[in-house]
Amino acid sequence: MSCTISLDAVSKRFAGGVQALDPLTLEVPAGQFTSLIGPSGCGKTTVLRMVAGLDAPSSGSVKVGRAPASAPSDAAPVCSYVFQDATLMPWASVFDNVWL
């Protein structure tokens, strides 16, 4: 199932004071392929982490389908996120890494 991704005036400031993302408004319609491109440090990964519900915006709203990205529900469309860097636990088995 595909889903619309909506960011409305989203910004992100980290605890150390770093402004990672200035207000961004973006809508990716269901079924559309979109690429985020830009130099290192411009906020691409921050946007993806907020869409995945892994980070909360400092202001604005992020929705996947009609549900907030930070509070997925059983009714929300299924979307996936693949990390840029490996996040495996080297001491754990393949099963345990997949289970986690």
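Owing to the predicted nature of the structure, the values given are computational and were not obtained by experimental measurement. (Residues numbered from 1 in each chain as written. Predicted model: local features only at pLDDT ≥ 70, side-chain atom pairs only at ≥ 80, totals over all residues. Heavy atoms only, no water.)

Q: Would you take a moment to explain the nonpolar core for this structure?
A: Nonpolar side chains tend toward joint burial in soluble globular proteins. Listed in full, the 12 residues of the largest apolar core are Cys-3, Ile-5, Leu-7, Val-10, Leu-21, Val-28, Val-47, Met-50, Val-51, Val-62, Val-64 and Ala-69. Every element with two or more residues in this core is listed here: β1 (5-13), β2 (19-28), α1 (44-51) and β3 (59-64). Each residue touching Ala-69, except ones within four places of it in the same chain, is listed here: Met-50, Val-51, Gly-53, Val-62, Lys-63 and Val-64. (Core = buried A, V, L, I, M, F, W, Y, C linked by side-chain atoms within 4.5 Å. Buried < 20%, exposed > 50% of the residue type's maximum accessible area, 1.4 Å probe, protein only. Helix = DSSP H or I, 4+ residues; strand = E, 2+ residues; numbered from the N terminus. Contact = heavy atoms within 4.5 Å.)

Q: Quick question: what am I supposed to make of the pairing of β3 here?
A: Looking along a regular strand, one sees side chains alternate from face to face of the sheet. Across five bridges, β1 lies against β3 in antiparallel orientation. Counted as the bridge partner of Asp-8 is Ser-61 from β3. Where β3 lies against strand β4 (residues 67-68), two bridges are found, and the strand directions are antiparallel. Among the inter-strand pairings, Lys-63 is bridged to a residue of β4, identified as Pro-68. Where β3 hands over to β4, the hairpin turn is made up of two residues, of which Gly-65 adopts a positive phi near 70 degrees. (Pairing = 2+ DSSP bridges.)

Q: Can you help me understand the pattern of salt bridges in this one?
A: It is possible for side chains bearing opposite charge to pair when their charged atoms get close. Within this structure, the stated rule accounts for one salt bridge. Arg-49 is the partner of Asp-55 in a salt bridge, and the nearest nitrogen-oxygen pair spans 3.0 Å. Residue classification places Asp-55 among the buried residues on the basis of a relative accessible area of 18%. (Salt bridge = Lys/Arg side-chain N within 4 Å of Asp/Glu carboxyl O.)

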